[in-house]
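Analysis of the macromolecular model
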Amino acid sequence: MTDVVAAARDNAEWCDAMCRAHGSPGTFTALAWTNPARTPRLYPDAVTLSPDATAADVLGHIDAGPGASVKDSFATLDLPGFEVLFEGQWIRREPPERREPAIAWEVVADAATLTGWEQACFDGEISGLFLPALLDEVTILCGRRGGAIVCGSVLTPREQVVGVSNVFGAASWEGTLAMAAGLFPGRPLVGWEVDPEDAVRHGFTTIGPLRVWSKIL
């Protein structure tokens, strides 16, 4: 399994976990993850899992009407009626070493803390997206200063890699790496960023492009 394939699979698994938390699981094939129902805000309706995936492999299995979006994991698709919403880069890092972060970090373990995490992550603009059911699916991290949540991230542990997403706040990469090293030692980290500059400064490398397509209204 190539690094990009592993990163794309992790991302699709994370999208499916979010959808399952909201009561609408998707479907996996060798070529793509798709969801026939409209997915939660900020999450795509399909994620390609192979560079061999075609438009038919995704558009025939989602609600392709207004609001639809597709994560083109290998930047290879041509989707009629869609436009490129943005582009990004997959990232990978060798397993980090265990270090003490500058501020206190913890695993989010209850619904009340998760609500505070969501408010901090989205500056209070989004609520009800991260539901408590996710606490049994993924590892959500938060860093505190003076008791307040000021940074955080999500780790999605897989058999061979650990996915990193939703990184927010100052010193977030430092704390995320420290927590990943302690919780999942010896596993490489994968993820994606629109602007990977901060991740690269913390030891990640870019491993391939991706595109997110949106239905033209």
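What this report covers is the structure whose coordinates are included nearby. (Residues numbered from 1 in each chain as written. Predicted model: local features only at pLDDT ≥ 70, side-chain atom pairs only at ≥ 80, totals over all residues. Heavy atoms only, no water.)

Computed from the structure, the largest pocket encloses a volume of approximately 890 Å³. Lining the largest pocket we find 41 residues, and of these Leu-42, Phe-86, Asn-166, Trp-192 and Val-194 sit closest to its centre. When contributions to the lining of the largest pocket are tallied by element, the ones reaching two or more residues are helix H1 (3-21), strand S4 (69-72), strand S5 (82-93), strand S9 (162-168), helix H4 (172-183), strand S10 (189-193), helix H5 (197-201) and strand S11 (205-215). Counting residues per element, the lining of the largest pocket draws most heavily on S9, which supplies five residues. In this structure, the second largest pocket occupies an estimated 180 Å³ of space. Forming the boundary of the second largest pocket are Arg-93, Pro-96, Glu-97, Arg-99, Glu-100, Pro-101, Glu-174, Leu-177, Ala-178 and His-202. In terms of residue count, H4 provides more of the lining of the second largest pocket than any other element does, three residues in total. (1 Å grid on protein atoms, 1.4 Å probe; cavity = no way out; pocket = protein on both sides within 12 Å on 5 of 7 lines; lining within 4 Å. Points joined across faces, edges and corners; volume = space filled by probe spheres on them. Helix = DSSP H or I, 4+ residues; strand = E, 2+ residues; numbered from the N terminus.)

Now for the packing of aromatic side chains. Aromatic ring pairs are described here by two measures, namely the spacing of the ring centres and the angle between the planes. For the structure on display, the rule yields seven aromatic pairs. With centroids separated by 5.9 Å and ring planes inclined at 50°, the aromatic side chains of Trp-14 and Phe-130 adopt a geometry described as tilted. Taken together, the residues Trp-14 in helix H1 and Phe-130 in the loop between helix H3 (111-121) and strand S7 (139-145) connect sequence positions 116 residues apart. For the pair shown, Trp-14 and Phe-130 are each scored as buried. Between Phe-86 and Trp-192, the ring centres sit 5.9 Å apart and the planes meet at 10°, which makes this aromatic pair stacked. Of this pair, Phe-86 sits in strand S5 while Trp-192 sits in strand S10; the two residues are 106 residues apart in sequence, bridging distant segments of the chain. An aromatic cluster is built from Trp-14, Tyr-43, Trp-117, Phe-122, Phe-130 and Phe-168, whose rings are joined through pairwise contacts. (Phe/Tyr/Trp six-rings, centres within 6.5 Å; stacked < 30°, edge-to-face > 60°. Buried < 20%, exposed > 50% of the residue type's maximum accessible area, 1.4 Å probe, protein only.)

On to the environment of Val-162. By secondary structure assignment, the location of Val-162 is in strand S9. For the pair Val-162 and Arg-93, spaced 69 residues apart in the sequence, the C-alpha separation amounts to 9.9 Å.

Our focus in this paragraph is the side chain of Thr-39. Examined against the element boundaries, Thr-39 turns out to sit in the loop between strand S2 (32-34) and strand S3 (46-48). At 3.2 Å, the side chain of Thr-39 forms a polar contact with the side chain of Asp-45. For Thr-39, the residues in contact, after removing those within four places along its chain, are Cys-19, Trp-33, Pro-44 and Asp-45. (Polar contact = N/O pair within 3.5 Å; in protein donor to acceptor, adjacent residues only side chain to side chain. Contact = heavy atoms within 4.5 Å.)

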